[in-house]
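Geometric and topological summary
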Protein chains: 2
Amino acid sequence: MMNTTTQAATRHRRGPLPADQLEAVDAQWRAANYLTAGQIYLMDNPLLAVPLDAEHIKPRLLGHWGTSPGLNFIYAHMNRAIIAHDLNVMYVIGPGHGGPAMFANTWLEGSYSEIRPDVPRDGQGMRKLFQEFSFPGGVPSHVAPQVPGSIHEGGELGYSLAHAYGAVLDNPDLIALCVVGDGEAETGPLAASWHANKFLSAATDGAVLPVLHLNGYKIANPTVLSRITEEELESLLRGYGYSPIYVTGHEPEDMHQQMAAALDRAVMEIRDFQVLSRCEDPVLHRAFWPLIVLRTPKGWTGPVTVDGYQVEGTWRSHQVPIANARENPSHRAQLAQWLQSYRPEELFDENGAPNELVTRLIPSGRKRMGSNPHANGGTLLKPLALPDPGTFGVVTGQPGAVDASPTRVLGRYLRELLIRNADSRNFRLFGPDETESNKLGDVYDVTDKQWSATILPTDQHLARDGRVLEVLSEHLCQGWLEGYLLTGRHGLFSCYEAFAHIVDSMVNQHAKWLKISRRLPWRRPIASLNYLLTSHVWRQDHNGFSHQDPGFIDNIANKRAEVARIYLPPDANTLLSVAAHCLASRDYINVIVAGKNYTPVWLNPEQAALHCARGADIFEWASSDAGAVPDVVLACAGDVPTIEVLATVSILRKHLPQLRVRVVNVVDLFRLQPDSQHPHGMSDVDYDTLFTADRPVIFAFHGYPALIHRLTYRRAGHANLHVRGYLEEGTTTTPFDMLVLNKMDRFQLVIDVLERTPGLLERAEAQTLREEMLRMHERHHDWIRAHGEDLPEVRDWRWEGDQTR
Amino acid sequence: MMNTTTQAATRHRRGPLPADQLEAVDAQWRAANYLTAGQIYLMDNPLLAVPLDAEHIKPRLLGHWGTSPGLNFIYAHMNRAIIAHDLNVMYVIGPGHGGPAMFANTWLEGSYSEIRPDVPRDGQGMRKLFQEFSFPGGVPSHVAPQVPGSIHEGGELGYSLAHAYGAVLDNPDLIALCVVGDGEAETGPLAASWHANKFLSAATDGAVLPVLHLNGYKIANPTVLSRITEEELESLLRGYGYSPIYVTGHEPEDMHQQMAAALDRAVMEIRDFQVLSRCEDPVLHRAFWPLIVLRTPKGWTGPVTVDGYQVEGTWRSHQVPIANARENPSHRAQLAQWLQSYRPEELFDENGAPNELVTRLIPSGRKRMGSNPHANGGTLLKPLALPDPGTFGVVTGQPGAVDASPTRVLGRYLRELLIRNADSRNFRLFGPDETESNKLGDVYDVTDKQWSATILPTDQHLARDGRVLEVLSEHLCQGWLEGYLLTGRHGLFSCYEAFAHIVDSMVNQHAKWLKISRRLPWRRPIASLNYLLTSHVWRQDHNGFSHQDPGFIDNIANKRAEVARIYLPPDANTLLSVAAHCLASRDYINVIVAGKNYTPVWLNPEQAALHCARGADIFEWASSDAGAVPDVVLACAGDVPTIEVLATVSILRKHLPQLRVRVVNVVDLFRLQPDSQHPHGMSDVDYDTLFTADRPVIFAFHGYPALIHRLTYRRAGHANLHVRGYLEEGTTTTPFDMLVLNKMDRFQLVIDVLERTPGLLERAEAQTLREEMLRMHERHHDWIRAHGEDLPEVRDWRWEGDQTR
């Protein structure tokens, strides 16, 4: 084990702050602490101009105190360091309920009043700041879109460090100061994020400065990292690849000196390594980036004991330390004493504005962390130079004449996109080790996978600088991308469909962020969060049941209509069109589901563009209703269902040539919803025009059938709608067997048509066909068990274009 | 940094194996490697009795080779150690595509043929073993329920270590040998799981022996942990609290000696610490449990190069090293050479059974890892001694006369349950730091939170041994519980409703496990996975929007009907009844959603039991249809919606006393589905009896409205169904304002009744009431902005029982 003197040596009992700076930093900290406590308790009398009375205290005390004094301490010290070293810093807050600290500091520095002129930097503004915190119609207790300087929603813990790393990618000048709470540090996503330093490029990216804030407690428990030995903690952080600097204690003056020294040292180490990495003969090894371990009491500077129980330094300070200040006079007196302990009269002038002592070490303009433009990424957003998807499309003489791998075709498009935007360095691909296997590998012609750990001569496409980030953590991929988008750049996350569920809760939080930020005029639109879900449920031949789950889109369908978009392009050209559309869009969550296997190209590029613009349309070349009312509608959404529906049409044409069949393909899933429910929704008239109001509709769907029902239940024709989709039946098997297992194979769809088209089964040829289809099921079962592959007539099936007219 | 001699000292170049044991372990390993390669390639000629021909080779090569030789190596060595030290060991396999290794080893030891008599331990059996691997209708490539000895579905990476820790809880004699792949180690859940050692009790739990298998590569990339320095890795693992033992190399004899020494040392360290912890004067400090770092080439012993490319020791060995053995004669020759390199003639007798050399160091009976009873937990399952929920219920004179916190009442029940099952040590509570705040704290009267890190005098309810496990990682809570259940015990996971989404993908995999295992007669039923989702969407007063998401149940509704159950008890007594039912059930995923706030008790205990048995029923005491056909049905599911519907009824009674209203409450959500779709589903007749086929139904629902529509779209009355629920509108606000924001408040529900009951608005008093309701909305808005709390008439509202008849 390492020597504990290592730690002792990093502590600076006497530090770099001259008396005037010490006084100013302390004043800033006290002011922020005062404002934090004020937000939690007061609805009036913000400057304690008169003795504290019950009516000054909020009736419902919903704030949290415990984490904020530490956050305020870090903020004040970073302010000093920004000025001292002329830094460009944004502040990412991991700990939950850190909202009041950020409101306090951004109000002190003036950033808050600039976006909220109704909360000026004076006594009236302070009153409003206090009153609306954690109050109906007000602002939340966690950091959130409402907080200037934040790219982070602090309610669900675990994502701060990944966001911070995403933010500094391609921002070589930026430092993301990231406070990691010791509660949050127990989560899986945070635990995985420490290793993001194995991907960061010291030459072309900025730096993350993590501050692990060990205040020791969660809601009701100690934290793991505060209850292991110092040696273990040192080992762990070095094992994560950091060089820890310790700031430990509670006595303010000593702590100020320690913290100032720690930040000076961290900034120096960051700058030194960046200089070495950016010179003419750069070092290529990975840095041990600095990390600060700040060990303070929880609820530091708050009440030490309340009603005889220890509060400061325990979990009891997590929420509201003095519970009953409105009703209980002794509690109220203790609250007043606590507030006065910050000596507000030394901090605010007669108008309630922070005085020169407080603002002396606060930077100005865009150097203020609450006004850092990276934290309002939309203001920096530069549109991508998007190639025309049409020129990358596959030309097919007639529908289905040519096969292509949709994702491979997309890979060629992304290759060109990377070339065109190379200088802007504002687009990245993220994925869990699957870019190549998902057939997007053409991008490696023009870029590499960024990797700052060891590279061996046998490695391919690994480099210190590259546009692709791959790590086997969907959480980290998602967190990086979110951080990258929120700071004004663009990206795409390609993922196995089933494992997108791993980030369900992360996308929930991002959807909430978008919903709120869209309503804040000062937050400018950001690039959409784009998912490419591939290696999907129907083509997990070798991975089997564990990899078969199309339910991610069900979760997305619960999000607000203004942010959620789902696309199921049926072939390569439609995938291109959809992808280009998504990459140009703003403030959405776009989910694209597309396969990587070679499948027929149904539409030429210009047809594909038109089809995607319509979102859902009749495949006239596959329909036999000649514009009249059909006997039956065969609808499809998804690449595999589209093939199966067209194969169904082939069979029907051969055996029942008089049957009028219409084929409708849906690319943009929300077209199915009424226009009253979703901006992409169709009117009832349009819906009935496509699907009819009274004919049977057999719908072959990529995902769980219930999703189609929930989107269409208000439609006139819903009672006639029969949906086939994934029934949670799966195993390691052939592609066609998957369809048979889930009753969405062509033979079953023919049977569905026969059984659901009124009167059809009364015809002898229909009865014969039904028997033939049942025989085909038997033949399939026998064949697959004997040969381990699909029936030759299924494998070799092709759409016969000459039959179409 | 630590000295690298630390590592060198842990390597044993000369080791403990005498020549005969060395020979036997190597033979076992070669046999398993042969069987693994055979599974991937061969459909016939399993013993190479004739020259390898194209027809012997599978047409679709879907297996994966890379990880298996390492897994086989560990298996063979653990077999030796089990015999040498008389151990009780189960094998948890983290790496993906580890299936063939487990099939090979369990076939060699005879466990596989015992559960699959159609795959005997001879040449015919070997042929079948090979043929059905990763073959339609066969067995999967990942470890899965079909694999004897496995409690782990290996397809989605990240959960092995949490499962292993869950398995050894309360099994003091058990060692869970857990192989962690270096790919899997990059995931968040795995990264968090290392810290599970801060919770393990050396006195009363078993031990986990992790083997970190650094084979260096994922699908297409190197792994992070294989590309950091040895010093960093040592630091990291010590920082996680382990004492690493290194086994590094590729030369078999040397590696055998290293591995045997490493296992002997690990077993000794485990036993020594367990003895020290279990003696009369036990040590109380936490152990640095041993951990083995096995660094081998990926695809070890496989083809070194293929077509001029290096394969062994690179990512190219991940899947099928020789791609085209069926068509390409030189590939086929290389495959034959590879298979022959294991010298099968030295390993299998003329009948194809493994010979004495191979089986010499394989344990027998239940000592075989494929036959360890813990890995088929249903065989060990002892039912819980369940208290009668009725005796813990709250007696309420008439509906709503008494208030109770449902979870607090449940806490008292769980307290008694813990007492009754204390000796069995087979029930645990899991949660992310919320047991107390979710009001289940009465359990701390009789047990503690288990914690093996430092305990301070100020800590409450922390102890070395306790029935509650709390860590701020939903992943770890879920993984522990799954491991605990799969080894034959019982448990409950209480979680904030919104953050249950964090484990969406984990519950997906558990649902798949249950679906498969229910169809395997040798897998005995296990206790259900029980969730208590509390601190739910409607009562996140201080946490706000980030904590408001009721969508977990939407994901559960996509699971197979035979495993998914969702309950929304409206009060404390129904919660008790539902919880007791769930704790007695088997092989389900039960989701219970219930609030922690004080809310009215509507039903006496015996009424609650009857109501829950019915799952959905008329609240006759709240209805005014007197058994006749009502004018309107007010339906509700969830505690908050039930209150709101009853408040709506109060208003309607007062203002429109002639209106015949029926109140239907749904506890068991799947009652709404047709009986053809779910075993709990109602027949159409029963549904129409409750809800009518033609009257308007206003349904107030706890979650997203779409879920009710997808469950009921087949019902005759669906067109008349109007669902109110969560619309993704939220913020930090009061409980009633949340309802107003989402249009599910009583005033809105009254308006819904007025607008949707045919003819009603033609009556003057209805028009007056509608205006009054709109005024109440205005009054609410004004009041909340002025006072920050809800309208007094809403806050103080109570159901007036004397009005009910």
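Thresholds, definitions, all that
- Residues numbered from 1 in each chain as written.
- Chains lettered and ligands numbered in written order.
- Predicted model: local features only at pLDDT ≥ 70, side-chain atom pairs only at ≥ 80, totals over all residues.
- Heavy atoms only, no water.
- Salt bridge = Lys/Arg side-chain N within 4 Å of Asp/Glu carboxyl O.
- Helix = DSSP H or I, 4+ residues; strand = E, 2+ residues; numbered from the N terminus.
- Least-squares fit on C-alpha atoms with pLDDT ≥ 70 in both.
- Contact = heavy atoms within 4.5 Å.
- Buried area = accessible area lost by both parts, 1.4 Å probe.
- Polar contact = N/O pair within 3.5 Å; in protein donor to acceptor, adjacent residues only side chain to side chain.
- Nonpolar A, V, L, I, M, F, W, Y, C, P; charged D, E, K, R; others polar.

1. Concerning the pattern of salt bridges
Applying the stated criterion across every chain, the model contains 90 salt bridges over all chains. A salt bridge links A:R116 to A:E132, with the shortest nitrogen-to-oxygen separation between them at 2.8 Å. Here A:R116 is found in the loop between α5 (111–115) and α6 (123–132), whereas its partner A:E132 is found in helix α6, with 16 residues between them in sequence. Ionic pairing is found between B:R539 and B:D541, a salt bridge with its closest N-O pair at 3.2 Å. Look at the salt bridges and you will find they share partners, linking A:D170, A:D205, A:R425, A:R428, A:D465 and A:R467 into a network.

2. Focus: the relation of the copies chain B and chain A
For the match of chain B to chain A, the screw axis carries a shift of 0.0 Å, the RMSD comes to 0.0 Å, and the turn is 180°. Both copies of the chain, as the preceding transformation shows, are related through a two-fold rotation axis. Minimal C-alpha separation from the rotation axis in chain B is found for B:G188, amounting to 2.0 Å. Looking at chain B, 100% of its interface residues are interface residues in chain A too, so the copies touch through the same face.

3. Some details on the interface of chain B and chain A
Contact with chain B, which involves 120 residues of that partner, is made by 120 residues of chain A. Both sides together, the interface formed by chain B and chain A hides about 9,700 Å², and carbon and sulfur atoms give 56% of it. The largest per-residue losses of area from chain B upon contact with chain A belong to B:R227, B:L472 and B:K512, which jointly make up 7% of the total buried on that side. If you look at where chain B meets chain A, you find 16 salt bridges. Of the charged contacts in the structure, one is a salt bridge between A:E728 and B:K512, with a shortest N-O distance of 3.0 Å. Along the contact surface separating chain B from chain A lie 54 residue pairs in polar contact (both at pLDDT 80 or more). Breaking the side of chain B that touches chain A down by element, the ones donating at least two residues are α8 (188–193), α9 (230–239), α15 (504–517), α16 (552–557), α21 (705–712) and α24 (764–787) of chain B. The element contributing the most residues to the side of chain B that touches chain A is α15(B), with seven residues. By residue class, the composition of the side of chain B that touches chain A is 44 nonpolar, 45 polar and 31 charged.

None of the figures reported here should be taken as evidence of function without further support.
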